[in-house]
Amino acid sequence: MDIELLASRAEALIGDEGLTTTALPRVGLFSAKHPVPREPVLYESWVVVQLRGSKLLHHAGREFVFGAGSVLTITPGAPVDCEMRVRSGEPLVSLFLEVRTEELLEAATLAGARKGEDERPPRLMDVSPMDERLFDVCRRLLDLLHDPVDASALGEPTIRELIYRTVQNGPRNELLELAGSRSAAPVLKAVRSLRESYDQEVSVEDLARSVGMSVSSFHEHFKRITGHPPLRYLKGIRLGRARQLLRTGHVTAEQTAIRVGYQSASQFSREYKRYFGKSPAEDRPTRSAQRSVAVG
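Per-chain numbering applies: the sequence of each chain, read as written, is numbered from 1 onward. With the structure being a predicted model, the display of local features is reserved for residues of pLDDT at least 70 and the display and counting of side-chain atom pairs for 80 or more, all residues being used for whole-chain, interface and lining totals. Values reported for side chains reflect all heavy atoms of the structure, with hydrogen atoms and water molecules removed beforehand.

1. Quick word on the overall build of the chain
Formally: The helix and strand labels rest on DSSP assignments: H or I over at least four residues marks a helix, E over at least two residues marks a strand, and numbering proceeds from the N terminus. The buried label goes to any residue with under 20% of its type's maximum accessible area, the exposed label to any with over 50%, and the partly exposed label to all in between, with areas taken from a 1.4 Å probe on protein chains only. Pairs of residues are marked as contacts when any of their non-hydrogen atoms sit within 4.5 Å. Each accessible area is a Shrake-Rupley result for a 1.4 Å probe, and residues are judged covered by the shown protein chains and nothing else.
A count of helices and strands for the chain gives twelve helices and ten strands. Out of the 296 residues in the chain, the part that is buried amounts to 54%. Taking all contacts inside the chain whose residues are at least 6 apart in sequence as the whole, residues at least 24 apart take part in 75%. Surface summary for the chain: the accessible area is close to 13600 Å², and the carbon and sulfur share equals 50%.

2. Quick word on the pattern of salt bridges
Filter applied, for reference: The rule for a salt bridge is simple: a side-chain nitrogen of Lys or Arg has to be within 4 Å of a carboxyl oxygen of Asp or Glu.
Under the criterion given, the structure shown has 16 salt bridges. A salt bridge links Arg 139 to Asp 136, with the nearest nitrogen and oxygen atoms 2.5 Å apart. Within this pair, Arg 139 and its partner Asp 136 are both found in helix H3 (residues 132–145), separated by three residues, close to a single helical turn. For Arg 139, a relative accessible area of 30% corresponds to the partly exposed category. The partly exposed category is assigned to Asp 136, whose relative accessible area is 26%. A salt bridge links Glu 161 to Arg 140; its shortest N-O distance comes to 2.9 Å. Of this pair, Glu 161 sits in helix H4 (residues 148–169) while Arg 140 sits in helix H3, and the two are 21 residues apart along the sequence. We classify Arg 140 as partly exposed; its relative accessible area is 27%.

3. Thoughts on the packing of helix H1 (residues 3–11) against H3
Heads up, the rule is: Note on definitions: angles span 0 to 180 degrees between N-to-C directions of axes, and those axes are lines fitted to C-alpha atoms, for helices only across the stretch in contact. We call two directions roughly parallel when the angle between them is under 35 degrees, roughly antiparallel when it is over 145, roughly perpendicular when it lies between 65 and 115, and oblique otherwise. In this scheme, a crossing is called left-handed if the near helix is turned counterclockwise away from the far one by less than a right angle; it is called right-handed if the turn is clockwise. Under this grouping Gly is polar, as are all residues other than the nonpolar Ala, Val, Leu, Ile, Met, Phe, Trp, Tyr, Cys and Pro and the charged Asp, Glu, Lys and Arg.
Viewed as axis vectors pointing N to C, H1 and H3 meet at an angle of 20°, and their least axial separation amounts to 10 Å. Relative to H3, H1 is oriented roughly parallel. Handedness of the H1/H3 crossing: left-handed. Contacts between H1 and H3 involve Ile 3, Leu 6, Arg 9 and Ala 10 from the former and Phe 135, Cys 138, Arg 139, Leu 142 and Asp 143 from the latter. Classifying every residue of the contact of H1 with H3 gives six nonpolar, no polar and three charged.

4. Topic: the pairing of strand S10 (residues 125–129)
As a reminder, the rule being used: Pairing between strands requires that DSSP locate at least two bridges from one strand to the other.
Within S10, four of the five residues are buried, leaving the element largely enclosed by the surrounding structure. Both strand S7 (residues 70–74) and S10 contribute to a ladder of five bridges, which runs antiparallel. Its bridge partner being in S10, Leu 72 is matched across the sheet by Val 127.

5. Overview of the packing of aromatic side chains
Here is the rule we go by: Here is the rule: rings of Phe, Tyr and Trp (six-membered ring for Trp) pair when centre to centre is within 6.5 Å. Planes less than 30 degrees apart are stacked, more than 60 are edge-to-face, and the remainder are tilted.
Per the stated rule, a full pass over the model turns up seven aromatic pairs. For the ring pair Phe 222 and Tyr 233, a centre distance of 5.4 Å and an interplane angle of 85° mean the geometry is edge-to-face. You can see Phe 222 sitting in helix H8 (residues 215–226) and its partner Tyr 233 sitting in helix H9 (residues 230–246), a full eleven residues away along the chain. For the pair Phe 222 and Tyr 233, one class covers both residues: buried. On the numbers, 4.7 Å between centres and 50° between planes, the contact of Tyr 272 with Phe 276 is tilted. Of the two residues, Tyr 272 and Phe 276 are both situated in helix H11 (residues 265–276); the distance of four residues between them amounts to about one turn of the helix. Phe 276 shares its class with Tyr 272; the two are buried.

6. Concerning the environment of Pro 91
Mapped onto the elements, Pro 91 comes out in the loop between strand S8 (79–85) and strand S9 (92–98). Under the relative-accessibility criterion, Pro 91 is labelled buried at 15%. For the pair Pro 91 and Pro 35, spaced 56 residues apart in sequence, the C-alpha to C-alpha distance is 9.4 Å. Excluding anything up to four places from it in sequence, Pro 91 contacts Glu 11, Ser 31, Ala 32, Lys 33, Arg 52 and Val 86.

In structure tokens form, the structure reads like this:
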């Protein structure tokens, strides 16, 4: 497999450093020319194919080396620490696809369990190597992105194949375990609720009650599946959204605090600095960093 061939094909579509939209609404490209030290980022529900360069990801006590030819599966918007590694003259290049948890679970059901592997706890983030079949799908998808007419006609079937091949080659056993877990559905329902109303007042008791679980059981299963306790997960979403707002340059720290659900601007500033290592006022990055925060 010539991963650099895919990187060059993608790079031809990238106009500038950062995020590039494509002819397919939920497919994007990302490029970075400079290294970024370890910092928290808020990933959405994505499949990300690394085509050049590498990242070091930290999530729920685990460390992932995400290099060229690797595929990241992550859902649904968990906070992750990311260090971006970029060599001089070799911009980092990624292909990413917005996905729904239901699509991953459906693909895992179609793929079936991989035999000969020990069962592992269900989890919502993993990195796996690319194989020949996935390479071929990525090549065809990149070709479609160069032709909007072909992309419109063949984009969704190719996207479905990419999701299937990613799951087939990656964390399908974990996803099947998640699909078959009685606790998964209520936890995922709670996750959706947090993502949709992160700016509202919330308590673990109310969340547990809304999905029909006891507080202790909900807390245990939420942490097992997402890697974070519920309120820590919510804080990561709020602060991640806050950073995205601040880096647009259109809102103040006080306005941002209110928008993401903080009642106290001073508490927001303290937690922001503790989380990112900079105060909201200090966190004024360059244009490239403004765009990179969206996809890490």
